[in-house]
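A closer look at the structure
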Amino acid sequence: MAWWGTLVGGTLGYMFGGPLGALLGAALGRNFDRGINLAGRQGAFDLGQQERVQAAFFTTTFTVMGHIAKADGTVTPKEIAAAEAIMARMQLNPQQRKTAIQLFNEGKQAGFPLLEIIDQFRHECHRRRNLVQMFLEIQITTAMADGQLHASEKNILFTIGEHLGFDRAALEHLFSFARASQPAAGGKLSLAKAYKVLGVGRDASDTEVKKAYRRLMNQHHPDKLIAKGLPEEMIKLATEKTQGIKEAYDRIRESRA
């Protein structure tokens, strides 16, 4: 939670400008949109440093979540519940939760500068592709929480993904991964879904299956994502991803034994 203590302490207020700084400042009732370059000042954080990236990730996650929820014109109770479930799984303290809700509400407002936010987020993440992918997966999973993905929501997600450097094939894979990763009604992952989670076909060789598994585990490894700038509070989300990937791999191995 070091990044949050730094944020509340005011250090990030000296350097976290742009639209993300304005939104975070509004949520905290502070003026962060100064655009002042104080990289040489004691306590300031340069582009790409972990605490700065964590603050950007947190801010972007909840504002964009609110924007997507409003994409079809109405924020449904299921979409609100999905956002609250994310907050609960993150075990946010009361102040963090209040800030997350305010950011979610900021994202619902007319005139929300989506592309400016996404462009700054990509800049702040500074080539951390796996971290950006985790952000997209959170947005896609939340958008699917009400059991359907509206065309308006999917269009926004494609726009976001493309601005973050993901082509349509990569985005379609993330949608497929999210659908396959949804909890099964009977509790056990089906073999068909297991293959979809790993992104391979039934005719894939054992070597190809293992390679896909290792690639996905590397992309979602909690410790690696935290090191790249995932807020510590989101480690449970990353852990759940790796557990789902391992379950899919074990299911396929079991079927081939």
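The rules we used
Residues numbered from 1 in each chain as written. Predicted model: local features only at pLDDT ≥ 70, side-chain atom pairs only at ≥ 80, totals over all residues. Heavy atoms only, no water. Core = buried A, V, L, I, M, F, W, Y, C linked by side-chain atoms within 4.5 Å. Buried < 20%, exposed > 50% of the residue type's maximum accessible area, 1.4 Å probe, protein only. Helix = DSSP H or I, 4+ residues; strand = E, 2+ residues; numbered from the N terminus. Contact = heavy atoms within 4.5 Å. pLDDT = per-residue confidence, 0-100. Polar contact = N/O pair within 3.5 Å; in protein donor to acceptor, adjacent residues only side chain to side chain. Salt bridge = Lys/Arg side-chain N within 4 Å of Asp/Glu carboxyl O. Expected span 1.5 Å × (residues − 1). Arc of directions from axis to C-beta. Axes fitted to C-alpha atoms, helices over the stretch in contact; angles between N-to-C directions. Left-handed = near helix turned anticlockwise from the far one by under 90°. Nonpolar A, V, L, I, M, F, W, Y, C, P; charged D, E, K, R; others polar.

Counting residues in hydrophobic clusters, the biggest one holds 58 residues, and the most contacted among them are Phe-58, Phe-62, Phe-135, Ile-160, Leu-164 and Leu-230. At ten residues, the largest contribution of residues to this core is made by helix α3 (residues 50-69). Dropping the residues within four chain positions of it, Phe-58 is found in contact with Trp-3, Trp-4, Met-90, Leu-92, Gln-96, Thr-99, Ala-100, Leu-103 and Pro-231. Counting residues in hydrophobic clusters, the runner-up holds 18 residues, among them Ala-194, Val-197, Leu-198 and Tyr-213.

Moving on to the environment of Arg-129. Take Arg-129: it is sitting in helix α7 (residues 129-143). Take Arg-129: its relative accessible area is 41%, and that puts it in the partly exposed class. Distance in space between the C-alpha atoms of Arg-129 and Phe-166 is 9.3 Å, their sequence separation being 37 residues.

Before going further, it helps to examine the confidence of the model for the chain. The predicted model of the chain has a mean per-residue pLDDT of 85, with 86% of residues at 70 or higher. Across the chain, element-level confidence peaks in helix α11 (residues 206-220) with a mean pLDDT of 95 and bottoms out in helix α1 (residues 2-9) with 72. Confidence over residues 32-44 falls short of pLDDT 50; this stretch has 26 contacts with residues more than four positions distant or in other chains.

What follows concerns unusual backbone geometry. Phi angles above zero are rare outside glycine, and His-126 is one such case at about 50°. Looking at the element boundaries, His-126 is found in the loop between α6 (114-125) and α7. Judged by its relative accessible area of 42%, His-126 is partly exposed. Despite not being glycine, Arg-127 shows a phi value in the positive range, around 70°. Checked against the element boundaries, Arg-127 lands in the loop between α6 and α7. For Arg-127, a relative accessible area of 82% puts it in the exposed group.

Below, the discussion takes up the side chain of Gln-139. By the secondary structure assignment, Gln-139 is in helix α7. Residue classification places Gln-139 among the buried residues on the basis of a relative accessible area of 2%. Within polar-contact distance, the side chain of Gln-139 engages the backbone nitrogen of Met-65 at 3.3 Å. The residues contacting Gln-139, other than those within four sequence positions of it, are Thr-60, Thr-61, Val-64, Met-65, Ile-68 and Leu-157.

The next point concerns the pattern of salt bridges. Per the counting criterion, the structure on display carries ten salt bridges. Note that Glu-240 and Arg-89 form a salt bridge whose closest N and O atoms lie 2.5 Å from each other. Of this pair, Glu-240 sits in helix α13 (residues 235-256) while Arg-89 sits in helix α4 (residues 77-90), placing them 151 residues apart in sequence. Given a relative accessible area of 27%, Glu-240 falls into the partly exposed group. For Arg-89, a relative accessible area of 30% corresponds to the partly exposed category. Glu-172 is the partner of Lys-154 in a salt bridge, and the nearest nitrogen-oxygen pair spans 3.9 Å. Residue Lys-154 is located in helix α8 (residues 151-163), and its partner Glu-172 is located in helix α9 (residues 168-181); the two are separated by 18 residues in the primary sequence. When salt bridges with common partners are traced through the structure, they connect Lys-188, Arg-251 and Glu-254 into a single cluster.

With 15 residues, α11 extends 21 Å from end C-alpha to end C-alpha; this agrees with the ideal 21 Å at 1.5 Å per step. Those residues of α11 lying buried are Val-209, Ala-212, Tyr-213, Leu-216, Gln-219 and His-220. Buried residues of α11 fall within an arc of 130° about the axis and therefore sit on the same side. Away from its buried face, by an angle of more than 90 degrees, α11 presents the exposed residues Asp-206, Thr-207, Lys-211 and Arg-214. In this structure, the buried side of α11 is in contact with α7, α9, α10 (191-198), α12 (222-228) and α13.

We now examine the packing of α6 against α7. For any two helices packed against each other, the geometry comes down to the angle between their axes and how far apart the axes lie. At a minimum axis separation of 9 Å, α6 and α7 run at an interaxial angle of 145°. The element α6 and its partner α7 pack so that their crossing is right-handed. Taken together, the residues of α7 that come into contact with α6 (itself represented by Ile-118, Phe-121 and Cys-125) are Leu-131, Val-132 and Phe-135. Across the contact of α6 with α7, the residue classes break down as six nonpolar, no polar and no charged.

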